[in-house]
Structure formats: C-alpha cells, structure tokens
Amino acid sequence: MILCPFCHFQNEDGALFCEQCKSDLSGVPETPAANPLVTAPLTPEPAVAQPVAAVPISVEPVAVPLIEPEPVQAEPLPAEPYPLTAEPAAPVMEAMPIEAMPVEAVPVETEAWSPAAGMSETQAPPPVAEPAVPHAPPPPPPKVEAPPPPPAKVETPPSAPKVEAPPAEPVLPKGAEPRLLVLRGQRRNVEYPIYEGLNFIGRADEKPVDIDLEDQEPPDRIWCSRQHALVSLEEGKLVLEDLNSANGTYLNRNRVYPGQKQPLKVNDIIQIGNVQLKVIV
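Structure report, in brief.

Each value, and the rule that gives it
Residues numbered from 1 in each chain as written. Predicted model: local features only at pLDDT ≥ 70, side-chain atom pairs only at ≥ 80, totals over all residues. Heavy atoms only, no water. Pairing = 2+ DSSP bridges. Helix = DSSP H or I, 4+ residues; strand = E, 2+ residues; numbered from the N terminus. Axes fitted to C-alpha atoms, helices over the stretch in contact; angles between N-to-C directions. Polar contact = N/O pair within 3.5 Å; in protein donor to acceptor, adjacent residues only side chain to side chain. Contact = heavy atoms within 4.5 Å. Patch = residues over 30% accessible without salt bridge, like charges linked within 9 Å, V, L, I, M, F, W, Y side chains within 5 Å. Areas by Shrake-Rupley, 256 points an atom, 1.4 Å probe, with all protein chains shown as cover. Salt bridge = Lys/Arg side-chain N within 4 Å of Asp/Glu carboxyl O. Lys, Arg positive; Asp, Glu negative; His and termini not counted. Charge placed at Lys NZ, Arg CZ, Asp CG, Glu CD. Disulfide = S-S within 2.5 Å. Buried < 20%, exposed > 50% of the residue type's maximum accessible area, 1.4 Å probe, protein only.

Turning to the sheet that holds strand β13 (residues 275–280), a few remarks are in order. Paired through backbone hydrogen bonds, the strands of a sheet run either parallel or antiparallel to each other. A sheet is described by the order of its strands in space; here 6 strands give the open sequence β4-β3-β13-β12-β9-β10, paired in antiparallel fashion. Because the sheet does not close on itself, it has two edges, and the strands there are β4 (191–193) and β10 (254–256). For this sheet the average axis-to-axis angle between neighbouring strands, irrespective of direction, equals 30°.

See the structure below:
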C-alpha cells in the first residue's frame, strides 16, 4: 500500500497519483501491509452526542421589605401675611353743565400785514439803508488799428533752365585694354582680359564664366562661388558688383555688398577668397 502524504489515503501498490486528492505519488515509498489483528481506523470516528437529563431547578421567592416614605409636615402660613389698609377714596367732582361754566372774553389784537416775508409791521425788521455805489465811467472804446497794407507782389523771374552736368569722363583712356593681374593665388602674374560688356568671375561648372578662378585656389580651400562677382565695362567705365556670394567680395579691403555697384579704376585690388586681382591697362 502507498499512503498519500497529503490526505493519508491508502492507495494500491504501483499507483502514480492519489485516487482521492490526485497528488503525485512517484517518490512516496510503499508501506508494509497492516496487521489484520489491528483494525483501528486511521481517521477518528466522530463522537455521538448522548442526551443529558434535565435537572429541575427550584427558585424560592425572597420577600423584600417595602420602605415607606416619611411624611413631610408643611409649615402653617400666617393668617394675614400682608394686611390690607383701605385708603380713603378721592372726592369725586360733580359734573358741571357746560352752559353754566363762565367764559371770559379774550381781547384779540389785529396786526397789519405787510408783504415783507409775510410778517406783520411789528415783527418786520427796520429797513437798512443801502450804501451808495459810485458809478464808474464807461470804458473808452477800443482803438481800431488800420489793417496793414497787402504785401506788394514780387514778380519772380522765370526759372532758369536746368543745366545738366556733363557726363563723367571715362576712367580708362580711349583704346585701353583693361586686365586683371593675379597678385596672390596658385598661378601668380596671370592676366585675365576684361572685355566690353559683362565679365563674370567664378568657377566654371553648370554656367560658364569669363574669368575662371578654379585653378587659382587649392582643392581643399575653395572660397570662390560659381557665380561670385561681375565686372562690367561700358564706355570706358569699370564697375564691380557682388553676385550674393557665400564668402563676399572685397575692393581695396572694403566689402562690396550685393546690389551695391562700385566703380573701378586703375591699380584697384579685388579680393575673392584668397585670390587678389589688380586692375591694370
């Protein structure tokens, strides 16, 4: 037999699970068979309640003496605590008939009425004499000044014709061929000619330029934009303009802002990045 360690149910030999609580019995050893002479149950039987005979209880009555309250004697009240004394009544006057009562005539003085605040002459205050106020003489009439004479009309001469300033003389002499000379760069003393019209300065990429500075800068330090600056030549006058470049354009160490055209003359120095260009003829 195998005894379940949980519910103490006796299972048959070789059982793997308890038939009552379904617990695992794989590691529980087998118990030897019980002695047939000993048939004591493993679980105690419930005790049966036996009837108990009722015992009669006799209760004897106990006499409790009653306590009577003691009578309280009230003190007698005086016969007349407050003696009443009758006062004599006041004599009652006999009613006298109205016709028999004497009436004295009261003289009434009539006062004359005056319109001053509705008071009589006897009550009105005495008249007060008003002080005499001297009359000031009337002011003299204001002097009326004669209006000033109107200003005489001054005839202005006809406007002179505007004299236009003579056109500015060309910066470059007639027939000069301006050029840009490289003072600082990878290829020094290289000259770039400036032609009549627009001359774009930058690096040749998607759009062509007239002055290509790609070979003037090292490949690891490129400061020139593709469309960097513009030099225009018209009627012998040179003008420099920045094309909104990333690193800016400088003329004689002064920056040229986009949209601000600066005139050029001989010996001016233009700087774009690390490249310096000198205007020569």
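Having seen the model, we can carry on.
With that settled, the discussion passes to the side chain of T249. For T249, the position within the fold is in strand β9 (residues 249–251). Within the local environment of T249, its side chain forms a polar contact with the side chain of H228, the two groups lying 3.3 Å apart. Those residues in contact with T249 that sit more than four places away from it in its chain are H228, A229, L240, D242, N254, R255, V256, I270, Q271 and I272.

On the surface, E12, D13, E19 and E30 cluster together to form a negatively charged patch. On the secondary structure map, E19 appears in the loop between β2 (10–11) and β3 (179–184).

Inspection of the sheet shows strand β5 (residues 197–202) paired to strand β7 (residues 227–234) by 6 bridges, in the antiparallel sense. Note that in β7 the partner of L198 across the bridge is S232. The sheet contact formed by β5 and strand β6 (residues 211–212) spans 2 bridges and is parallel. Across the sheet, I201 pairs through a bridge with I211, a residue of β6.

A word on the state of the cysteines. In protein chemistry, a disulfide is the covalent bond that joins the sulfur atoms of two cysteines. On inspection of all chains with the given rule, the structure shows 0 disulfides. Distance from the sulfur of C18, which forms no disulfide, to the nearest cysteine sulfur (C7) is 3.5 Å.

Another point: the pattern of salt bridges. All chains considered together, the criterion is met by 4 salt bridges. For D205, the salt bridge goes to R226, with nearest N and O atoms at 2.3 Å. One end of the pair, D205, is in the loop between β5 and β6; the other, R226, is in the loop between β6 and β7, with 21 residues separating them in the sequence. Its relative accessible area of 45% is what places D205 among the partly exposed residues. Among the salt bridges present, the one from K265 reaches D268, with a minimum N-O distance of 3.5 Å.

Reading across the sheet, the 5 strands line up as β6-β5-β7-β8-β11 and stay open at both edges, with mixed pairing between neighbours. Each edge of the open sheet is held by one strand with a lone partner, namely β6 and β11 (262–264).

With that settled, the discussion passes to the side chain of R203. Looking at the element boundaries, R203 is found in the loop between β5 and β6. Buried within the structure, R203 lacks any salt-bridge partner; its nearest side chain of opposite charge belongs to E217, at an N-O separation of 5.0 Å. Of note is the side chain of R203, whose polar atom sits 2.7 Å from the backbone oxygen of C224. What R203 contacts, discounting residues up to four positions off in sequence, is V209, D212, E214, I222, C224, S225 and R226.

In short, geometric facts, not functional conclusions.
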